[in-house]
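The lines below spell out each chain.
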Amino acid sequence: MRDAEISPLAIDIIERAKTEGVTIATAESCTAGMISAALTDVAGSSAVVDRGYVTYSNQAKMDMLGVSSATLEAVGAVSEEVAVQMAEGALTRAGTTLAVAVTGIAGPGGSEHKPEGRVCFGLAQRGQDTLVETVEFGALGRAGVRAATRDHALALVLSALTRAG
């Protein structure tokens with residue numbers, strides 16, 4: 001990525017996290033590392049980005065983040081419950097001060113109950129309740145949903161850092 005393509009959100013996150021002494025972990029399913037890649041495109045990001053978990057399969061979510069098999073069976077991977085468990089698992093296992101998680105349907109396809117473009121986000125921070133939300137991006141195409149998910153996750157992280165500062 002050329003410097004001109006580095007996300008302004010990511011630059012702001014890295015600068016603010018350095019100032020605040022915040023460390024960050026990511027837990028990604030549908031984006032498969034795009035969030036941590038955006039953050040680590042920024043020079044100096046190693047001061048705050050600890051690690052990124054790419055947990056594309058349910059087994060990876062359970063093994064790497066401690067997501068409950070019962071939750072996965074009851075509500076499926078694309079759910080707010082799983083997003084919360086992913087974020088909290090990343091926070092605990094990485095020992096960071098903040099973790100963001102995403103799980104969604106990038107497409108093509110989906111179902112009546114879980115349409116293409118549905119993404120669940122979790123944001124866990126030490127000493128705070130975990131934020132969770134679902135965004136319906138719609139059928140933007142696989143690349144479009146993944147890019148929109150990355151950008152929304154970065155905006156959530158920046159918002160959390162702004163509130164903390």
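> Looking at this structure, how should I read the overall build of the protein?
For the protein, the count of helices and strands is six helices and five strands. For the protein, the succession of helices and strands along the chain, N to C, is α-β-α-β-α-α-α-β-β-β-α. Computed over the C-alpha atoms, the radius of gyration of the protein is 15 Å, within 12% of the 15 Å expected from 2.2 N^0.38 for a compact globule of 165 residues. Overall, the C-alpha framework of the protein stretches about 45 × 35 × 25 Å when taken along its three principal axes. Put simply, the protein has 165 residues, and 47% of those count as buried. Accessible surface, the protein: about 7,400 Å² in total, of which carbon and sulfur atoms supply 50%.

> How should the pattern of salt bridges be read in this particular structure?
Any two side chains of opposite charge can pair, on the condition that their charged atoms come close. This model, assessed by the stated rule, comprises three salt bridges. One salt bridge in this structure joins R118 and E136, with 2.6 Å as the shortest N-O distance. One end of the pair, R118, is in strand β4 (residues 118-125); the other, E136, is in strand β5 (residues 131-136), with 18 residues separating them in the sequence. Of the charged contacts, one joins R150 and D151 as a salt bridge, the two residues approaching to 2.9 Å between their closest N and O atoms.

> Before we go on, may I ask you to explain the pairing of β5 in this structure?
The two faces of a sheet get side chains in turn, since along a regular strand they alternate between them. Where β4 lies against β5, six bridges are found, and the strand directions are antiparallel. Counted as the bridge partner of V119 is V135 from β5.

> Help me understand the environment of Q125 in this model?
The topology assignment puts Q125 in strand β4. Counting along the chain gives 97 residues from Q125 to E28, while the straight-line C-alpha distance between them is 17 Å.

> I would appreciate a short explanation of unusual backbone geometry in the present structure.
Trans peptide bonds make up most of the peptide bonds, and negative phi angles are found at most residues other than glycine. Geometrically, the link from G107 to P108 is a cis peptide bond, its omega value of 0 degrees lying close to zero. Summarising the element assignment, P108 is placed in the loop between β3 (98-104) and β4. We note that A32 has phi near 45 degrees; this positive angle belongs to a residue other than glycine.

> Help me out: how do you make sense of the side chain of T26 in this one?
As for its position among the elements, T26 is in strand β1 (residues 24-28). Leave out the neighbours within four places in its chain, and T26 touches I35, S36, L39, R51, G52, Y53 and V100.

> Could you clarify how one ought to interpret the packing of aromatic side chains in this entry?
Note on aromatic pairs: each is described by the distance of the centres and the angle between the planes. By the definition in use, this model includes one aromatic pair. Measuring from ring centre to ring centre gives 6.3 Å for F121 and F137, while their planes differ by 75 degrees; the resulting arrangement is edge-to-face. Of this pair, F121 sits in strand β4 while F137 sits in the loop between β5 and α6 (142-164), placing them 16 residues apart in sequence. The buried category is assigned to F121, whose relative accessible area is 0%.

Conventions we followed
Residues numbered from 1 in each chain as written. Predicted model: local features only at pLDDT ≥ 70, side-chain atom pairs only at ≥ 80, totals over all residues. Heavy atoms only, no water. Helix = DSSP H or I, 4+ residues; strand = E, 2+ residues; numbered from the N terminus. Rg over C-alpha atoms; globule rule 2.2 N^0.38 Å. Buried < 20%, exposed > 50% of the residue type's maximum accessible area, 1.4 Å probe, protein only. Areas by Shrake-Rupley, 256 points an atom, 1.4 Å probe, with all protein chains shown as cover. Salt bridge = Lys/Arg side-chain N within 4 Å of Asp/Glu carboxyl O. Pairing = 2+ DSSP bridges. Contact = heavy atoms within 4.5 Å. Phe/Tyr/Trp six-rings, centres within 6.5 Å; stacked < 30°, edge-to-face > 60°.

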